[in-house]
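Notes for the structure review
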Amino acid sequence: HLLDCPTLRWGLIGCGRVSNDFALALRHVKTAKVVACAARSSESAAKFAEKFDIPSYYGSYEELLKDENVDIVYVGNVHAFRRQIGEMCLNADKHVLLEKPFSCKAVDAEYLVELARSKGLFCMEGMWTRFFPAVEQARRLVLEEKVIGEVVSVTTDFNFNASDSEQYPDSFVYTHSVGGGSILLVAPYPVAAATLFFGGKMPSDVKCVGQLDPNTGVDLQGVAVLNFDCDGGIAPALDESNSNENTPKLPGCGVASLSFGLLGESSEETVVLGTKGRLVIHSPGHCPTKISVTFKEQGRGNASATKVYEYPLPGDEDGYFYPNSAGFAYEAAAVARCIDAGLTEAPQFSLQETLNNARILDSCRAQIGVKDFDS
């Protein structure tokens, strides 16, 4: 029932590749209606509207925001305009779904979150990964049912070779002024994968190394490690009431190792290691259809069994630019249910977690040496 939801009327800002995929995926949500789209030119918007049978199109974002038929705006254009367009949407009293990254800097994320809360409007970063059935199940198994015991660490990666599809150095991927670079393009996924299994909290320490492109000034790849402090309580080994585990691991503490980049293709998996086993979110980890759980037996290197969970996508993949984009439908349906219930943020990916993750990305950019976007 993940695609069941009340009717919601969408307006799309940006008519590029990601908006193409979002519009296609909405066809799997029968109660979702795309009623308007806007681009920087009327010609682009008209072509997009014709392709997707959208009744209204505009050559400016301001015109779309005046459309009374639009309940919520999906913002899918380039990163550098997130704060500006997010602010416009909220000031027009529209709910808003801002594609990741939510902003180019944490200070802009803080501003948008405060504005949305002051107006009582729904606002969310488009971390669609959290709404895939495979990820929903992984969260339940690890955090609620605790099938792998206490979480010890998370290892996650997302690297692809951007030169397969993007022209260097002219593509937005390599353009600093519009928010290019690996930290804003791909790092939000492994960061969100790591923080998910530590309850969405802010790590106590962030260390990051990587390489800058001296020609364009964007970061090309990086590796980050995060440290999470304990949540209080005592270790099971010292807890007389705990007969299940004899580990000294304190509740809530752990580490995460993240890899992200634009130079080569990685396996793109997330491995959650626990005291009683491990869970794997299989490739492609940012839009997965398969997870597996391997349970530990007594003694090193011993496993009792592996259980596999598979969740096919809700349709074929014709016409999409990116892998598994039909999964946008899960996110869109969840947003509609939230708004109908009077929620102003989604429990799967709260605004506080968006803020935490934006601060992690800020730290990574500073440590690698990416110049501020106002510089």
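Residues numbered from 1 in each chain as written. Predicted model: local features only at pLDDT ≥ 70, side-chain atom pairs only at ≥ 80, totals over all residues. Heavy atoms only, no water.

Our next topic: the sheet that holds strand β11 (residues 270-274). Judged by pairing direction, the sheet is mixed, and its eight strands sit side by side in the order β8-β9-β10-β7-β11-β12-β13-β14 without closing on themselves. Here the strands that pair on one side only, and so sit at the sheet edges, are β8 (205-212) and β14 (303-310). Neighbouring strand axes in the sheet, compared pairwise and without regard to direction, differ in orientation by 10 degrees on average. In the packing of helix α10 (residues 351-368) onto the sheet, contacts are made with β8 and β9 (219-228), and the angle to β8 comes to roughly 50 degrees. (Pairing = 2+ DSSP bridges. Helix = DSSP H or I, 4+ residues; strand = E, 2+ residues; numbered from the N terminus. Axes fitted to C-alpha atoms, helices over the stretch in contact; angles between N-to-C directions. Contact = heavy atoms within 4.5 Å.)

Once that is clear, we can look at the packing of aromatic side chains. Scanning the model with the defined rule gives 11 aromatic pairs in all. Ring plane angle 70 degrees and centroid distance 5.5 Å describe the contact between Phe22 and Phe328, whose orientation is recorded as edge-to-face. Separated by 306 residues along the polypeptide, Phe22 in helix α1 (residues 17-25) and Phe328 in helix α9 (residues 328-340) bring together distant segments of the chain. Per residue, the accessibility class of Phe22 equals that of Phe328, and both read buried. On the numbers, 4.9 Å between centres and 80 degrees between planes, the contact of Tyr168 with Tyr174 is edge-to-face. Judged by its relative accessible area of 37%, Tyr168 falls in the partly exposed class. The structure contains a cluster of three or more aromatic residues connected by ring pairs, namely Trp10, Phe22, Tyr74, Trp128, Phe132, Phe328 and Tyr330. A cation over an aromatic ring shows up here: Arg83 above the ring of Tyr111, its NZ or CZ 3.9 Å from the ring centre. (Phe/Tyr/Trp six-rings, centres within 6.5 Å; stacked < 30°, edge-to-face > 60°. Buried < 20%, exposed > 50% of the residue type's maximum accessible area, 1.4 Å probe, protein only. Lys NZ or Arg CZ within 6 Å of the ring centre and 35° of its normal.)

Attention now goes to the pairing of β11. Alternating residues of β11 divide into Thr270, Val272 and Gly274, all buried, and Val271 and Leu273, none buried. Where β11 meets strand β12 (residues 277-281), five bridges bridge the pair, whose relative direction is antiparallel. Bridge assignment links Thr270 to a residue of β12, and that residue is Ile281. Between β11 and β12, which pair antiparallel in sequence order, lie two residues.

So, on to the pattern of salt bridges. Under the definition given, this model contains 14 salt bridges. Of the charged contacts, one joins Arg359 and Glu110 as a salt bridge, the two residues approaching to 3.1 Å between their closest N and O atoms. Residue Arg359 is found in helix α10, and its partner Glu110 is found in helix α5 (residues 106-119); the two are separated by 249 residues along the sequence. Relative accessible area serves as the criterion here: at 30%, Arg359 is assigned to the partly exposed category. You can call Glu110 partly exposed: its relative accessible area is 32%. A salt bridge links Glu345 to Arg117, with the nearest nitrogen and oxygen atoms 3.8 Å apart. Of this pair, Glu345 sits in the loop between α9 and α10 while Arg117 sits in helix α5; the two residues are 228 residues apart in sequence, bridging distant segments of the chain. For Arg117, a relative accessible area of 45% translates into the label partly exposed. When salt bridges that share partners are traced, they join Glu136, Arg139 and Glu144 into one network. (Salt bridge = Lys/Arg side-chain N within 4 Å of Asp/Glu carboxyl O.)

Residue placement: Ser259 occurs in strand β10 (residues 254-261). Classification of Ser259 as partly exposed rests on a relative accessible area of 22%. For Ser259, the contacting residues outside a window of four places in its chain are Thr156, Asp157, Phe158, Asn159, Pro190, Gly222 and Val223.

On to the packing of helix α8 (residues 188-196) against α10. Packing of α8 against α10 leaves a shortest axis separation of 10 Å and a crossing angle of 125 degrees. Comparing the axis directions of α8 and α10 gives the class oblique. In terms of crossing hand, the pair formed by α8 and α10 is right-handed. Together, Pro188, Val191, Ala192, Thr195 and Leu196 of α8 and Glu353, Asn357, Ile360 and Leu361 of α10 make up the contact between the two elements. The class makeup of the residues in the contact of α8 with α10 is six nonpolar, two polar and one charged. (Parallel < 35°, antiparallel > 145°, perpendicular 65-115°, else oblique. Left-handed = near helix turned anticlockwise from the far one by under 90°. Nonpolar A, V, L, I, M, F, W, Y, C, P; charged D, E, K, R; others polar.)

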